[in-house]
Number of protein chains: 2
Amino acid sequence: MTDYRRLRVALLGAGAVGSQVADLLRKHADELADRAGAALELVGIAVRNPDAPREADLPRELFTTDSEQLIVGADIVIELMGGIEPARTDILLALSSGADVVTANKALLATHGPEIFDAADQVGASVYYEAAAAGAIPIIRPLRDSLAGDRVQRIMGIVNGTTNYILDRMDTEGSEFADVLADAQRLGYAEADPTADVEGYDAAQKAAILASLAFHTAVPLEAVHREGIRSIDRQTMDAARHAGYVIKLLAVCERLADAEVDSPTGEAISVRVYPALIPREHPLASVHGANNAVFVQAEAAGNLMFYGAGAGGVQTASAVLGDVVSAARRHIAGGVGVGESTRANLPVVPIGRVTTRYQITLEVSDEPGVLATVAGILSEGRVSIATVEQTLVPAGDVAPGIARLVIGTHTAREQDLSDTVDRLAASGVVGRVVSVLRVEGN
Amino acid sequence: MTDYRRLRVALLGAGAVGSQVADLLRKHADELADRAGAALELVGIAVRNPDAPREADLPRELFTTDSEQLIVGADIVIELMGGIEPARTDILLALSSGADVVTANKALLATHGPEIFDAADQVGASVYYEAAAAGAIPIIRPLRDSLAGDRVQRIMGIVNGTTNYILDRMDTEGSEFADVLADAQRLGYAEADPTADVEGYDAAQKAAILASLAFHTAVPLEAVHREGIRSIDRQTMDAARHAGYVIKLLAVCERLADAEVDSPTGEAISVRVYPALIPREHPLASVHGANNAVFVQAEAAGNLMFYGAGAGGVQTASAVLGDVVSAARRHIAGGVGVGESTRANLPVVPIGRVTTRYQITLEVSDEPGVLATVAGILSEGRVSIATVEQTLVPAGDVAPGIARLVIGTHTAREQDLSDTVDRLAASGVVGRVVSVLRVEGN
């Protein structure tokens, strides 16, 4: 055994991920020391209740309720409590005490990222957060380092395992949303309160983190447009399949030209989370179950995809430990940490100024002239039609005399599209706007 | 414009990748400076003939034939000449002069990696080589950093675009190898002398690099078992498709337990390149055209896949520039470079001691008792049969009275399998051993 320099590692939180991290730090101590060039000594675990049952068998004496004492004097602080406070205060204390910080806290980074990165910059420390964006999938280093000499044009990410699990089962089994959700809750794929996943809040936090990194811009969470998947019913899913699409909850981060922005280059970005149609042949379409994937389009590198397990205690622990080894190597190598680059500082445009393609499904009266009226309203609204299909409506599904129109549009501006849909709804010939979905990925 | 510290960047070589790198360095200078925290000043390009035509429009005064003078005094040296010499001498000179080195030279790293990494360690410099393993796909940082706290069990990579292009077209079009190769040469997907690609030399170099990194072990190129794809004909491809497989040239890097190795943990590794059957539903099966993908199985992280363009001047330039920005950040941050970790130093087992599954295709006399004889020889050879299929042989394809047996085995040891195939060939009941292929990915 080489006699390595010892680094004091403090762990905050011992839930599913924290327990795994503590367990692996102890179990693979020799191997980790060889890789880090330093012995990683777990000096303590701060928790609210030291006597609570844990997923891993950890010595009682490691646990403490005094996080402050633990943090001061640590070389590396791993924050796995989640939530805003006390995580924020603890991380700022760690940085001001000269520790590097490893965190998986997406909620905190998406809301207080700039404050935390500034605090790290001031003392020359680093904040590592590979586990905060797509679980075990290495995406932070590729974006921050590997693509640092390139220009990212677009990221499309399946970054929430719960919703992908639900949508995938709805697609493959033809099941209803509520049934699959109940089953997912029973199997542990969804929380008792599924709001954060199903309404897209979790994906929006990750989108803010990915967009900040990819576009060298601090993207506030409030700037992320967010829609969940509750509106996706079996019928919508079936229609998508019939048209050669699959529906995925996508986090889209996009560089775009925008005439209205006050930016020297005319460049802006859009960051949005919504269920979208993607073609069956797109690599993201074959991401099944609770898996995640991040599809990146860069100017020089072309199309890249990163795929893997999105969540799970042991998978996330892998990402956290990778960060711990990186932090240790930096401690040993010396020098200051590399700060977050936010110098591009691109404006984030509101959803109304985004352009994409759409698929609009309408119920209309089955009479002569209706299609002409619908087409006229679309044209007036600057929405150009690419395809129209009058779908077969199974008997009994809707009243007789009603037909279903599925309209695929060319690229249109969201505000134009949404105004046009309002006018269609009020036109008298449209009985019901069944769905309006964006089409991404082609 | 911030007044950044200037870093002197020297470029060696101005072929397809070098020209793109020089062009992008100049075109995106401001953006790269913001990201690197330093102005990256391209001070010169060493080439054999400064007057040769280039793919990018670069000032004549940048070119020089005096690489030594250019290297000494540079902060970052980018080596894109390829080949062993003078690349090796130039890189060693750069490191000893205190420069960080960025290279895409897989041949050099696969043969002289330890010498170069040792030289970097001695002066505290870093060698970056993201472009050497899978073109634009970020795989080096994920393996070295993101998975540094995990244990990689297996890597299966499609790391050669030319052979994937050829095999993919054979699979989708039912074409013959020679026809597709000729077409690939015409279209620029294959070199006039395709040996390096088609015989697996290029993939073997990349396999050595990936295995070294993943298993913290210096893997010499000679230890990589290598087979090319010339033996794959249309008939073999058709049979694979019929059985639910696709044939890909795989670089397999695997951690395994081996009773014969002199290693304290009983652990060893295998590194091998060969055409293998993989199930159609495996993520690697849907990697089409000249694309690359690296599938990684890690103890904690589970299955990960990294997908993208494998080669091409501008794609590779993206990986090179990412490394240049990393090198610049390290220069600004101070501290010594993180060396290559080879402390695990696991033995590499010869191919004979590897275990995998096989598919054996035989032509046998169509007589009673033949299958019993074949089964007996397999059983004596410790090769356990999983499936047997007597395939329909189209009339005229083989002589009458000859049947084709396709035997799928359970996991067997390569040496046992190959001895057994020899005995089958000599048994008198087997007319011809049509093919023996490994099955990977399930």
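Residues numbered from 1 in each chain as written. Chains lettered and ligands numbered in written order. Predicted model: local features only at pLDDT ≥ 70, side-chain atom pairs only at ≥ 80, totals over all residues.

**Observations regarding the overall build of chain A**
Note the cut-off: To qualify as a helix, a DSSP run of H or I must reach at least 4 residues; to qualify as a strand, a run of E must reach at least 2; elements of each kind are numbered from the N terminus. The exposure label follows from counting other C-beta atoms within 10 Å of a residue's C-beta, where the C-beta atoms are placed from the backbone and the thresholds are 20 or more for buried and 12 or fewer for exposed, leaving partly exposed in between. Two residues form a contact once the distance between their C-beta atoms, set from the backbone, is within 7 Å.
Tallying secondary structure elements over chain A gives 15 helices and 17 strands in all. Principal-axis analysis of the C-alpha atoms gives chain A an extent of 85 × 50 × 35 Å. When the 442 residues of chain A are sorted by exposure, 53% land in the buried category. Of the contacts formed within chain A by residues at least 6 apart in sequence, a portion of 75% connects residues at least 24 apart.

**Quick word on unusual backbone geometry**
In this structure, Pro86(A) follows Glu85(A) across a cis peptide bond, with omega equal to 5°. Within the secondary structure layout, Pro86(A) lies in the loop between strand 4 (76-79) and helix 4 (87-96). Look at His216(B): it is not a glycine, yet its phi comes out positive at around 50°. Locating His216(B) in the fold gives a position in the loop between helix 11 (201-215) and strand 8 (225-226). C-beta crowding within 10 Å serves as the criterion here: with 20 such atoms nearby, His216(B) is assigned to the buried category.

**Focus: the domain arrangement of chain A**
Spelled out, the test is: These domain limits were set by an automatic method or by a database of domain assignments.
One can read the domain layout of chain A as domain 1 (6-135 + 314-333), domain 2 (140-310) and domain 3 (354-439). The centre of domain 1 of chain A, based on its C-alpha atoms, is set 52 Å off from the matching centre of domain 3 of chain A.

**Some words on the interface of chain B and chain A**
Spelled out, the test is: Here a strand pair is declared whenever DSSP counts at least two bridges between the two strands.
Counting from both sides, the interface comprises 50 residues of chain B and, opposite them, 50 residues of chain A. Residue assignment for the side of chain B that touches chain A shows that the elements contributing at least two residues are helix 2 (29-36), helix 7 (140-146), strand 12 (302-309) and helix 13 (313-333) of chain B. Among the elements that line the side of chain B that touches chain A, the one with the most residues is helix 13 of chain B, at twelve residues. Note: strand 12 (residues 302-309) of chain A against strand 12 of chain B, five bridges, orientation antiparallel. Within strand 12 of chain B, the residue paired with Leu304(A) across the bridge is Gly308(B).

**Re the pairing of strand 10 (residues 267-279) of chain B**
All names here are of chain B. Burial runs high along strand 10: eleven of the 13 residues are buried. Of the strand pairs in this sheet, strand 8 and strand 10 are connected by two bridges, and their pairing is parallel. The partner of His 225 across the bridge, within strand 10, is Arg 272. Pairing between strand 9 (residues 245-257) and strand 10: 13 bridges, direction antiparallel. By the bridge assignment, Ile 247 is partnered in strand 10 with Leu 277. Direction of pairing for strand 10 relative to strand 17 (residues 430-439): parallel, over a ladder of two bridges. Within the sheet, the bridge partner assigned to Leu 277 lies in strand 17 and is Val 439.

**So, the pairing of strand 13 (residues 355-365) of chain B**
Residue and element names in this part refer to chain B. Sheet topology note: the strand 13/strand 16 (residues 412-413) ladder contains two bridges and is antiparallel. Within strand 16, the residue paired with Thr 356 across the bridge is Ala 412. Where strand 13 lies against strand 17, eight bridges are found, and the strand directions are antiparallel. The residue of strand 17 that forms the bridge with Glu 363 is Arg 432. One ladder, built from seven bridges, connects strand 13 with strand 15 (residues 402-409); its direction is antiparallel. Across the sheet, the residue bridging to Ser 365 is Ile 402, located in strand 15.

**Quick word on the relation of the copies chain B and chain A**
Between the two chain copies there is a screw-like relation: a rotation about an axis and a shift along it. For clarity, the cut-off: When the copies are overlaid, the least-squares fit takes in C-alpha atoms only where the residue has pLDDT of at least 70 in both copies.
For the pair chain B and chain A, the relating rotation is 180°, the translation along its axis is 0.0 Å, and the fit reaches an RMSD of 0.0 Å. As the rotation angle and translation indicate, the two copies are arranged about a two-fold axis. The fraction of interface residues of chain B whose copies in chain A are also interface residues reaches 100%, indicating that both copies meet through the same surface.

**A word on the packing of helix 1 (residues 16-27) of chain B against helix 13 of chain B**
Residue and element names in this part refer to chain B. Cut-off, in case you're wondering: With axes taken as lines fitted to C-alpha atoms, and helix axes fitted only over the stretch in contact, angles between N-to-C directions fall between 0 and 180 degrees. When describing relative orientation, an angle under 35 degrees is termed roughly parallel and one over 145 degrees roughly antiparallel, while 65 to 115 degrees is termed roughly perpendicular and anything else oblique. The hand of a helix crossing depends on one turn: near helix anticlockwise from the far one by less than a right angle means left-handed, and clockwise means right-handed.
Remark: helix 1 packs on helix 13, axes separated minimally by 8 Å, with the N-to-C direction vectors making an angle of 60°. Between helix 1 and helix 13, the angle falls in the class oblique. As for how helix 1 packs across helix 13, the hand of that crossing is right-handed. Residues Ala 16, Val 17, Gln 20, Val 21 and Leu 24 of helix 1 lie in contact with helix 13, whose contacting residues are Gly 313, Val 314, Thr 316, Ala 317, Val 320 and Leu 321.

**Quick notes on the packing of helix 2 (residues 29-36) of chain A against helix 13 (residues 313-333) of chain A**
Residues and elements named next belong to chain A. For clarity, the cut-off: Three residue categories are used. Nonpolar comprises Ala, Val, Leu, Ile, Met, Phe, Trp, Tyr, Cys and Pro, charged comprises Asp, Glu, Lys and Arg, and polar comprises the others, including Gly.
Running from N to C, helix 2 and helix 13 cross one another at 50°; their axes reach a closest spacing of 9 Å. With respect to helix 13, the axis of helix 2 lies oblique. Note that helix 2 runs across helix 13; the crossing there is right-handed. Between helix 2, through Leu 32, Arg 35 and Ala 36, and helix 13, the contact on the second element is made entirely by Val 325, Ala 328 and Arg 329. Taken together, the residues of the contact of helix 2 with helix 13 break down into four nonpolar, no polar and two charged.

**As for the environment of Pro86(B)**
Taking the number of C-beta atoms within 10 Å as the measure of exposure, Pro86(B) has 15 and is therefore partly exposed. Residues Pro86(B) and Ser67(B) lie 19 residues apart in sequence; the distance between their C-alpha atoms is 9.8 Å.

**A word on helix 5 (residues 106-123) of chain A**
Residues and elements named next belong to chain A. The cut-off we apply is this: The quantity called bend is, for any residue, the angle between two axes fitted respectively to the seven residues ending at it and the seven beginning at it.
For helix 5, the principal kink sits at His 112 and spans about 85°; a proline, Pro 114, occurs within the next four residues. Those residues of helix 5 that sit buried are Lys 106, Leu 108, Leu 109, Ala 110, Gly 113, Ile 116, Phe 117 and Ala 120. Where helix 5 is buried, its residues meet helix 4, strand 5 (100-103), strand 6 (127-128), helix 6 (131-134) and helix 11 (201-215).

**Section: the sheet that holds strand 4 of chain A**
Two strands in a sheet stick together by hydrogen bonds in their backbones, pointing the same way (parallel) or opposite ways (antiparallel). Read from one edge of the open sheet, six strands run 3-2-1-4-5-6 (chain A), paired in parallel fashion. Edge positions in the open sheet fall to strand 3 (63-64) and strand 6 of chain A, since each of these has one partner strand only.

**Some thoughts on the sheet that holds strand 5 (residues 100-103) of chain B**
All names here are of chain B. The sheet built from six strands is open, its strands ordered 3-2-1-4-5-6 with parallel pairing. One side of each edge strand has no neighbouring strand; the edge strands of this open sheet are strand 3 (63-64) and strand 6 (127-128). Relative to strand 4 (residues 76-79), strand 1 (residues 6-12) is paired through four bridges, and the arrangement is parallel. Note on strand 4: the bridge partner recorded for Ala 10 is Val 77.

**So, the environment of Ile166(A)**
All names here are of chain A. Mapped onto the elements, Ile 166 comes out in helix 8 (residues 161-173). Assessed through the 27 C-beta atoms surrounding it within 10 Å, Ile 166 is described here as buried. Distance in space between the C-alpha atoms of Ile 166 and Ala 290 is 8.3 Å, their sequence separation being 124 residues. Leaving out residues up to four positions away in the same chain, Ile 166 has contacts with Phe 177, Val 180, Leu 181, Ala 184 and Ile 229.

**Here we look at helix 5 (residues 106-123) of chain B**
Residue and element names in this part refer to chain B. By the burial criterion, the buried members of helix 5 are Lys 106, Leu 108, Leu 109, Ala 110, Gly 113, Ile 116, Phe 117, Ala 119 and Ala 120. Among the structural elements, helix 4 (87-96), strand 5, strand 6, helix 6 (131-134) and helix 11 are those in contact with the buried residues of helix 5. Phi turns positive, to about 75°, at Gly 124, one or two residues after helix 5.

**With respect to the environment of Asn160(A)**
Here Asn160(A) shows up in the loop between strand 7 (152-158) and helix 8. Ignoring sequence-local partners within four residues, the contact set of Asn160(A) consists of Asp197(A), Asp202(A), Ala203(A) and Leu249(A).

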